[in-house]
Amino acid sequence: MVISPGFDAFYTTSEWVIRLAMVAAVPLRRTPQAARSWLLLIFFLPVPGLILYSVIGRPRSPAWRAVRFSRLEPFFSATAAQLAALAAPDATSVSGPASGPVSGPAIDGDKTRLPMRGDATAGLVRQLGGFPATGGNAVELCTDYDATIDRMVADIDAARQQVRLLVYIFSDDATGMKVVDALRRAVARGVACHVLFDPVGSNAWLSGIRTKLATTGAIVQESLPMRLFHSGTRRDMRNHRKLFLIDDDIGYIGSQNLVDKSFRPGVSNEEMVVRVTGPAVAAMQAIFVADWFLETEVMIDRDVTVPQAVGTTTVQLLPSGASYPLEGFETLLVWAIHNARRRVIITTPYLIPDEVLLNAMRTAVLRGVTVDVIVSQIVDMWFVRLAQRSYYEELLGGGINIYHYTGYLLHAKNVSIDSDFAVVGSSNVDARSFTLNEEVNAILRNGAIVAEVEAAQQQALANSERLVLAQWRKRPFAAKVMEGIARMVSPLL
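Residues numbered from 1 in each chain as written. Predicted model: local features only at pLDDT ≥ 70, side-chain atom pairs only at ≥ 80, totals over all residues. Heavy atoms only, no water.

A. Up close: the side chain of Asn 437. When you line up the elements, Asn 437 lands in the loop between α15 (431–436) and β18 (439–445). Owing to a relative accessible area of 6%, Asn 437 belongs among the buried residues under this scheme. Here Arg 238 takes part through its backbone nitrogen, which lies 3.2 Å from a polar atom of the side chain of Asn 437. (Helix = DSSP H or I, 4+ residues; strand = E, 2+ residues; numbered from the N terminus. Buried < 20%, exposed > 50% of the residue type's maximum accessible area, 1.4 Å probe, protein only. Polar contact = N/O pair within 3.5 Å; in protein donor to acceptor, adjacent residues only side chain to side chain.)

Right under this line is the structure:
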């Protein structure tokens, strides 16, 4: 095939137009790491790079989705106002409107009265996610995979009014069918059941679970459905939340999906979930109602019912995703590490930190804070594993302790800070959870429940192998090269 000189000149000119145009376009709303990686790809491969960027390069919601999200503001504000009336004692200073600024230090004579850290944490989380911290909750920590499913099925079987499930993976295997059968029984009793699941996370079972759910009588909706001509949604921006709600009284939040724990051959998952009763369930309901509206434009509730106080734990919900102006979970995590005094423990299956988080951890160590990171030795995504391992030498050199959890895929996502508060939810410590996926986390403040989370973390540490910098540096050169390539490409994702 002969290419004319005219076409060759046109193609070369087009490549330079793409390069120059993308120098201006790429850095907008992207981290410096991501921008560098995209520009490197586009400068070497302008046309393929532009095509790839048009598909997965813009970490933002399409205009129609942003408009729908803005229409939810009165609903969120009304829910927050109801919850603010039950604000926890350590969050009273931030019980005003969610849209208002966090109060600064108060001046008392010649002394500056700084807010308690609990006040500041609650204030920051409210500014990020819109919901105040509320007291009066009872929280149970669930770490037994199958027992958690059985407990949720029992709660569904006891439901009187409604069941609402929001999940990333819903399978038609034995575990998924336990829940499907419970939904069928609930609908037969006259309970209103709504199911929202992600079709990408559930792709391996998509045809089967669609068919099975259709037989239950539940109202089923796929989140961010994969449509050929869907208007502008980046295909890999997914709803990664896990919220299971029964009546107005019970809510489950954490890392667990509705799938067998050993759904990958040779890999068995370990998870962490909290079962919440009390006022905070109203915030969980509001998140589900909002996600349902974003997909359907149907408000299944005009307002939510706030349950009565039943315990002593303070709970605050932090939703995050492309519709929010800041990276909610990362912002909280970086702030918490900067303010830590003694110890930070982070458990995550996927660890791809950016420079901001890396600097926060290294600075904390220099201040005398112990920073422990627990990651799984068994992995289910080889590319993520390579990218993750590329950071280990830098982390270990900065004094951060890295532990490889052995025996199972530790899929749990949790953080504890100074025995002061804990975070349990769906967010990994990577760019995907920070900027792309819809996530939700629970911030827990109460000595008993935080101690339980820390006890689970200590058990994980006991079942882990601590990496040693000198030994890590001895890994094969080929492994270092592959890790470096994965690290270079990972910001594109």
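B. Expanded view of helix α10 (residues 281–296). For α10, built from 16 residues, the straight-helix expectation of 22 Å at 1.5 Å per residue is met to within 8% by its first-to-last C-alpha distance of 22 Å. With 15 of 16 residues buried, α10 lies mostly within the body of the structure. (Expected span 1.5 Å × (residues − 1).)

C. Representation of unusual backbone geometry. One non-glycine residue, Leu 224, lies in the positive phi region at around 45°. Locating Leu 224 in the fold gives a position in the loop between β6 (219–222) and β7 (243–246). Here the phi dihedral of Asp 247 falls at roughly 50°; this positive angle occurs in a residue that is not glycine. Looking at the element boundaries, Asp 247 is found in the loop between β7 and β8 (250–254).

D. Structural context of the packing of aromatic side chains. As enumerated under the stated definition, the model contains nine aromatic pairs in all. Judged by centre distance (5.7 Å) and plane angle (70°), the rings of Trp 205 and Phe 263 are edge-to-face. In this pair, Trp 205 is assigned in the loop between β5 (192–197) and α9 (206–214) and Phe 263 in the loop between β8 and β9 (269–270), connecting sequence segments 58 residues apart. Across from the ring centre of Tyr 391, 3.9 Å away, lies the NZ or CZ of Arg 487, which sits over that ring. (Phe/Tyr/Trp six-rings, centres within 6.5 Å; stacked < 30°, edge-to-face > 60°. Lys NZ or Arg CZ within 6 Å of the ring centre and 35° of its normal.)

E. How the structure looks around the pairing of β5. The element β5 is largely enclosed, with a buried count of five among its six residues. By the bridge criterion, six bridges tie strand β4 (residues 162–167) to β5 in an arrangement that is parallel. The residue bridging Leu 165 from the neighbouring strand is Val 195, located in β5. What joins β4 to β5 is helix α8 (residues 174–188), and the crossover it makes is right-handed. As defined by bridge partners, β5 adjoins β6 across four bridges and the pair is classed as parallel. In the strand pairing of β6, Val 195 is matched with Val 220. Between β5 and its parallel partner β6, the chain crosses via α9, and the hand of that crossover is right-handed. (Pairing = 2+ DSSP bridges. Right-handed = clockwise from strand over helix to strand, strands pointing away.)

F. Region of interest: helix α7 (residues 145–157). With 13 residues, α7 ought to run about 18 Å at 1.5 Å a step, and its terminal C-alpha atoms sit 19 Å apart, in line with that. At the N-terminal boundary of α7, the capping side chain belongs to Asp 144, with an oxygen 3.3 Å from the backbone nitrogen of Asp 146.

G. Representation of a nonpolar patch on the surface within the structure. Together, Leu 40, Phe 44, Leu 45, Phe 477, Val 481, Met 482, Ile 485 and Met 488 make up a nonpolar patch on the protein surface, roughly 810 Å² of accessible area in all. Going through the elements one at a time, α2 (32–44) and α18 (477–489) are the ones with two or more residues in the nonpolar patch. With five residues, α18 is the single largest residue contributor to the nonpolar patch. Secondary-structure assignment places Phe 477 in helix α18. (Patch = residues over 30% accessible without salt bridge, like charges linked within 9 Å, V, L, I, M, F, W, Y side chains within 5 Å. Areas by Shrake-Rupley, 256 points an atom, 1.4 Å probe, with all protein chains shown as cover. Salt bridge = Lys/Arg side-chain N within 4 Å of Asp/Glu carboxyl O.)

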